[in-house]
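Here is what each chain is made of, one letter per residue.
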Amino acid sequence: MNRVLIFLIALMGLGISSCSDDRVFEEFKALPTQNWAMEDSLHFDLSTVQLQGNQSLIAFRFNEEYAFSNCYVRVLSQDSTGTIIENKLINVPLFDSKTGEPLGDGFGSTYTFYDSLPFQLPNNTKKVTLLQYMRQNQLPGIEAVGLKILK
């Protein structure tokens, strides 16, 4: 009986110690109307984050009203003076190109998908702005967009 108890305690301790926080920053910007308009700039304040070549992810929370298989996003990074130091256009797939199934995890008709940025944010980045670049004024079905920076 004692051996079993010691084994269970050791197993629980191992499980608890293996759970670690893998991110230094994560934030979602909700779009209350579930419509991402061209003029909706989503700003993320990274002034308290120390970037040192960290991997960054972009996240989408979307539903079945989203009519496209992907989303083009302009990613602007700015330094502490507000000067744009990086201006990149990225393509984020939201649906599988072969099956048409939504990518990411879902509950009901809402899905959350994380995709890595194909570049590293410069170390002196203090603010990131995301703009939708889909040549359509409104993108219905986008509930929130987020940014996650890993350790």
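In this report, the structure presented in the accompanying data block is examined. (Residues numbered from 1 in each chain as written. Predicted model: local features only at pLDDT ≥ 70, side-chain atom pairs only at ≥ 80, totals over all residues. Heavy atoms only, no water.)

1. Focus: the overall build of the protein
- Looking only at helices and strands, the protein features one helix and eleven strands.
- Along its sequence from the N terminus, the protein presents helices and strands in the succession α-β-β-β-β-β-β-β-β-β-β-β.
- The burial tally for the protein puts 37% of its 151 residues in the buried class.
- Taking all contacts inside the protein whose residues are at least 6 apart in sequence as the whole, residues at least 24 apart take part in 78%. (Helix = DSSP H or I, 4+ residues; strand = E, 2+ residues; numbered from the N terminus. Buried < 20%, exposed > 50% of the residue type's maximum accessible area, 1.4 Å probe, protein only. Contact = heavy atoms within 4.5 Å.)

2. Quick look at the pairing of strand β3 (residues 42–45)
- Because side chains alternate across β3, one face comprises the buried residues Leu42 and Phe44, and the other comprises His43 and Asp45, none of which is buried.
- Summarising the sheet, β3 and strand β9 (residues 127–132) pair through four bridges and their orientation is antiparallel. Note on β9: the bridge partner recorded for His43 is Thr129. (Pairing = 2+ DSSP bridges.)

3. Some words on the nonpolar core
- In this structure, Trp36, Phe60, Leu94, Leu130 and Ile142 are the most contacted members of the largest nonpolar core, which totals 32 residues.
- Elements that contribute at least two residues to this core include exactly β3, β4 (56–63), β5 (70–78), β6 (84–93), β8 (110–116), β9 and β11 (142–150).
- In terms of residue count, β11 provides more of this core than any other element does, four residues in total. (Core = buried A, V, L, I, M, F, W, Y, C linked by side-chain atoms within 4.5 Å.)

4. Comments concerning the sheet that holds β8
- If you walk across this open sheet you meet the five strands as β1-β11-β4-β8-β7, and the pairing is antiparallel. Every other strand in the sheet has two partners, leaving β1 (23–30) and β7 (105–107) as the edge strands with one partner each. Neighbouring strand axes in the sheet, compared pairwise and without regard to direction, differ in orientation by 15 degrees on average.
- Strand direction decides the pairing type here: β4 and β11, joined by seven bridges, are antiparallel. Counted as the bridge partner of Arg61 is Ala144 from β11. (Axes fitted to C-alpha atoms, helices over the stretch in contact; angles between N-to-C directions.)

5. So, the environment of Asn137
- Along the polypeptide, Asn137 turns up in the loop between β9 and β10 (138–140).
- Along the chain, Asn137 and Ala37 lie 100 residues apart, while their C-alpha atoms are 5.4 Å from each other.

6. Digging into unusual backbone geometry
- In this model, Gln34 sits at a positive phi of 55 degrees, which is unusual for a non-glycine residue.
- Mapped onto the secondary structure, Gln34 falls in the loop between β1 and β2 (35–37).
- With a relative accessible area of 32%, Gln34 lands in the partly exposed category.
- The phi dihedral of Arg135 is positive, around 60 degrees, even though this residue is not glycine.
- Tracing the backbone shows Arg135 in the loop between β9 and β10.

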